[in-house]
Amino acid sequence: MAEEKITIALRGIKKLYRIGDQEVAALGGIDLDIKNGEFTALMGPSGSGKSTLMNILGCLDRPSEGSYRLDGREVANLSDDELARTRNQQIGFVFQNFNLLSRISAVDNVALPLVYAGVKAAERKRRAMEVLEMVGLADRANHQPNELSGGQRQRVAIARALVNNPEIIMADEPTGNLDTKSTAEILDVFTRLHEMGRTVILVTHEPEVAMRANRQLLVRDGLITRDEGRGVVLDVV
Amino acid sequence: MKIRTLEYFVREVFLSLKRNNWMSVASVGTVAVSLFIFGMFLMLVLNMNKMAESLESQVQINVYLEEGTTSSEIRSLEAELNDMQGVEKVTFVSKDEAMERFKERLGDQSSILDALDDTNPLPDGFEVMITQPELVETAAKNIEQHKHVESAKYGQDVMEHLFDITRLIRFFGLVLMLFLAGATLFIISNTIRLTVFARRKEIAIMKYVGATDWFIRWPFMMEGMVLGLFGGILANIILRFGYSALVSEIYSALAFFPLIPEQPFLNYISIVVVFGGMAIGAMGSTISLKRFLEV
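Parameters at a glance
- Residues numbered from 1 in each chain as written.
- Chains lettered and ligands numbered in written order.
- Predicted model: local features only at pLDDT ≥ 70, side-chain atom pairs only at ≥ 80, totals over all residues.
- Heavy atoms only, no water.
- Helix = DSSP H or I, 4+ residues; strand = E, 2+ residues; numbered from the N terminus.
- Rg over C-alpha atoms; globule rule 2.2 N^0.38 Å.
- Buried < 20%, exposed > 50% of the residue type's maximum accessible area, 1.4 Å probe, protein only.
- Areas by Shrake-Rupley, 256 points an atom, 1.4 Å probe, with all protein chains shown as cover.
- Lys, Arg positive; Asp, Glu negative; His and termini not counted.
- Charge placed at Lys NZ, Arg CZ, Asp CG, Glu CD.
- Contact = heavy atoms within 4.5 Å.
- Buried area = accessible area lost by both parts, 1.4 Å probe.
- Salt bridge = Lys/Arg side-chain N within 4 Å of Asp/Glu carboxyl O.
- Polar contact = N/O pair within 3.5 Å; in protein donor to acceptor, adjacent residues only side chain to side chain.
- Nonpolar A, V, L, I, M, F, W, Y, C, P; charged D, E, K, R; others polar.
- Core = buried A, V, L, I, M, F, W, Y, C linked by side-chain atoms within 4.5 Å.
- Domains from an automatic or database assignment.
- Phe/Tyr/Trp six-rings, centres within 6.5 Å; stacked < 30°, edge-to-face > 60°.
- Patch = residues over 30% accessible without salt bridge, like charges linked within 9 Å, V, L, I, M, F, W, Y side chains within 5 Å.
- Axes fitted to C-alpha atoms, helices over the stretch in contact; angles between N-to-C directions.
- Parallel < 35°, antiparallel > 145°, perpendicular 65-115°, else oblique.
- Left-handed = near helix turned anticlockwise from the far one by under 90°.
- Pairing = 2+ DSSP bridges.

*Asks:* Go over the overall build of chain A with me, naming the residues and quoting the values.
*Replies:* Scanning chain A from N- to C-terminus turns up 7 helices and 10 strands. Computed over its C-alpha atoms, the radius of gyration of chain A comes to 18 Å, within 12% of the 18 Å expected for a compact globule of 237 residues. When its C-alpha atoms are laid out on the principal axes, chain A stretches across 50 × 45 × 40 Å. Counting across all 237 residues of chain A, residues that qualify as buried make up 51%. Of the roughly 10300 Å² that chain A leaves accessible, carbon and sulfur atoms contribute 46%. Put simply, chain A has 30 plus and 33 minus side-chain charges, and the middle of one group is 4 Å from the middle of the other.

*Asks:* Tell me about the interface of chain B and chain A, residues and numbers included.
*Replies:* On the chain A side, the residues contacting the 18 residues of chain B number 21 residues. When the two sides are added together, the surface that chain B and chain A hide from each other amounts to roughly 1800 Å², 59% of it contributed by carbon and sulfur. There are 1 salt bridge connecting chain B and chain A. A salt bridge links B:E202 to A:R103, with the nearest nitrogen and oxygen atoms 2.6 Å apart. Our enumeration of links across chain B and chain A arrives at 3 residue pairs in polar contact (both at pLDDT 80 or more). At the level of secondary structure, the elements contributing two or more residues to the side of chain B that touches chain A comprise helix 1 (3-19), helix 7 (200-208) and helix 8 (213-253) of chain B. The element contributing the most residues to the side of chain B that touches chain A is helix 7 of chain B, with 6 residues. For the side of chain B that touches chain A, the class distribution of residues is 8 nonpolar, 2 polar and 8 charged.

*Asks:* Any chance you could break down the nonpolar core for me, citing the residues and the numbers?
*Replies:* Counting residues in hydrophobic clusters, the biggest one holds 47 residues, and the most contacted among them are A:Y116, B:I203 and B:Y243. Looking at this core, the elements with two or more residues in it are helix 3 (106-117) of chain A together with helix 1, helix 2 (21-57), helix 6 (156-198), helix 7, helix 8 and helix 9 (262-289) of chain B. With residues near it in sequence (within four places) discarded, B:I203 still touches B:V196, B:I216, B:F220, B:L289, B:F292 and B:L293. Counting residues in each nonpolar core, the second largest holds 41 residues, with A:V94, A:A106, A:A161 and A:I169 among its members.

*Asks:* Explain the pattern of salt bridges residue by residue, including any values.
*Replies:* Residues and elements named next belong to chain A. Evaluated as defined, the whole model comprises 20 salt bridges over all chains. A salt bridge links E23 to R18; the shortest N-O distance between them is 3.1 Å. Here E23 and R18 have matching classes, each one exposed. R155 is the salt-bridge partner of E185, the closest N and O atoms lying 3.6 Å from each other. Of the two residues, E185 sits in helix 6 (residues 180-195) while R155 sits in helix 5 (residues 150-162), which places them 30 residues apart along the sequence. The exposure class assigned to E185 is partly exposed, which follows from its relative accessible area of 28%. Among the charged side chains, a salt-bridge network with shared partners connects E38, R215 and D227.

*Asks:* An account of the domain arrangement of chain B is needed here, citing residue identities and associated values.
*Replies:* Domain annotation for chain B reports domain 1 (3-55 + 161-293) and domain 2 (57-155). Relative placement of domain 1 of chain B and domain 2 of chain B: their C-alpha centres are 52 Å apart.

*Asks:* Got a sec to walk through the packing of aromatic side chains? Specific residues and values, please.
*Replies:* The final tally for this structure, using the stated rule, is 8 aromatic pairs over all chains. Judged by centre distance (5.9 Å) and plane angle (15 degrees), the rings of A:F93 and A:F95 are stacked. A residue is classified by how much of its surface remains accessible, and A:F95, at 11% relative accessible area, is buried. Both rings, one in B:F171 and one in B:F172, keep their centres 5.5 Å apart while their planes meet at 70 degrees; by these two values the pair is edge-to-face. As far as the burial class goes, B:F171 and B:F172 line up, both exposed.

*Asks:* Could you give me a rundown of a negative patch on the surface, with the residues and numbers involved?
*Replies:* Together, B:D96, B:E97, B:E100 and B:E104 line one region of the surface with negative charge. Structurally, B:E97 can be placed in helix 4 (residues 95-106).

*Asks:* Explain the environment of A:M170 residue by residue, including any values.
*Replies:* All names here are of chain A. Here M170 shows up in strand 7 (residues 168-172). Under the relative-accessibility criterion, M170 is labelled buried at 0%. Measuring from C-alpha to C-alpha, the distance between M170 and A41 comes to 10.0 Å, with 129 residues separating the pair along the chain. Residues within four places of M170 in sequence aside, it is in contact with I8, M54, L57, G58, I91, G92, F93, V94 and I201.

*Asks:* Let's hear about the packing of helix 3 of chain A against helix 4 (residues 121-134) of chain A: which residues, and what values?
*Replies:* All names here are of chain A. For the pair helix 3 and helix 4, interaxial distance at closest approach is 9 Å and the crossing angle is 125 degrees. Between helix 3 and helix 4, the interaxial angle falls into the category oblique. Considering the relative orientation of helix 3 and helix 4, their crossing is right-handed. Here V107, V110, A111, L114 and V115 of helix 3 come into contact with helix 4, specifically with R124, K125, R127, A128, M129, V131 and L132. Classifying every residue of the contact of helix 3 with helix 4 by side-chain character gives 9 nonpolar, no polar and 3 charged.

*Asks:* Which residues make up the sheet that holds strand 3 (residues 125-130) of chain B, and what values do they have?
*Replies:* Residue and element names in this part refer to chain B. Across the sheet, 4 strands lie side by side as 2-3-1-4; this open sheet has antiparallel pairing. Looking at strand neighbours, the two that pair on one side only are strand 2 (87-93) and strand 4 (149-154), the edges of this open sheet. Strand-to-strand twist of the sheet, defined as the mean angle between neighbouring strand axes without regard to direction, takes the value 20 degrees. Examined bridge by bridge, strand 2 and strand 3 share 6 bridges and lie antiparallel to one another.

Right, dumping it as structure tokens:
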């Protein structure tokens, strides 16, 4: 099955920052393979480097050293425009604070990536409605984000992440701003996406959220210190 | 660029201008003022150049005659000079006239001439106007060959001074215009910086979902260009009316003052001011965007 295909391959990834005269390694040399269709949770305390790793995985940032092959393509060799296209087509992002545009409706927010992909307006609308239906928000399509609850906003954000049909979904603390009920709903959505065969990467510091994944990684001081399957409770602190 | 994308950009630009309406008005106003001053100096420098040119081209040779040249000899010499190539006009200046002019030039200090005891040491002479400045030197030499001519001098020093002054005006004008272009750039980039700052979260979101840098940059650049365009048009209207008024004012008082005629001069100025405003607007927004494109 496609399960064996390696989607993400990191080798010796380092991210170095200069602070004054000192060079600080946010990531100290990470080796990681993530297979196609895997549901991975990335855990770690704040300052551990997990956000930096997420930014590199999401092609928002480039590593200082090392090789990152996404679907066999070396990311370091891609131009800024190619990186933008990769973010647009191959990766869907979900954030803790939803990151929706407040001045446009839910359906327009969902359609935004399609604007950058150059899809026609009618087709944009159709596809945006389709994914909104998938997350159960078709009846809220014309509401502004501030007319929606936290959980609904996050589902709009997930719909936006899905609209270009990307193979990878990356979520950075997606339940951090949500109550228990909404958290459960959103996690169900991610589980369903995983079951549909998407590669899901979830950054979180909550063990109960991480338990939903099949694989749990613990990042500490810029390195992956533990790599466990489901069922193990990784305590971040 | 696809039409669809262009439509999106245009809508974004006008939405943004509307959202920041008072900021937009204020920056159009300041841009207009600074482009107006810029245009004024451009006009001044061009007119100065033109004036210097016309002065350069009015070149005069002073011819001094030998003592005791008779009036018939003077008349025949005048005729000969008039026949010379490149001579526009020959005016006789008698020694008495020359003395009058000299007294006038001395003004308050004309009493020093009392020491001359009513004798007049100045010679009779001609003022010879030459059509082209390049001909002056040879014309002066030729005139000196004539009988009864003591010497023929042309204002070499004056011309060199004139060149210096023109150069100076050109230089300062250029410095000033560069300075004003810089000021306009600063104003526009500041305005755009405010809109960019207000929308920095939006820019980040656009980057997350895969907008290319140029896709993000275009609406802001167009916004800067629209600000520059409106400012330029405003400045241009004031400049056109101002210059027309000035030209008619000056022509009624000083008919021969060598101002550049309104057409097509004003059209060139319009093009420079309006397109200059747009170019500076585009540059201004590029500068203020640079920092925010790095997520």
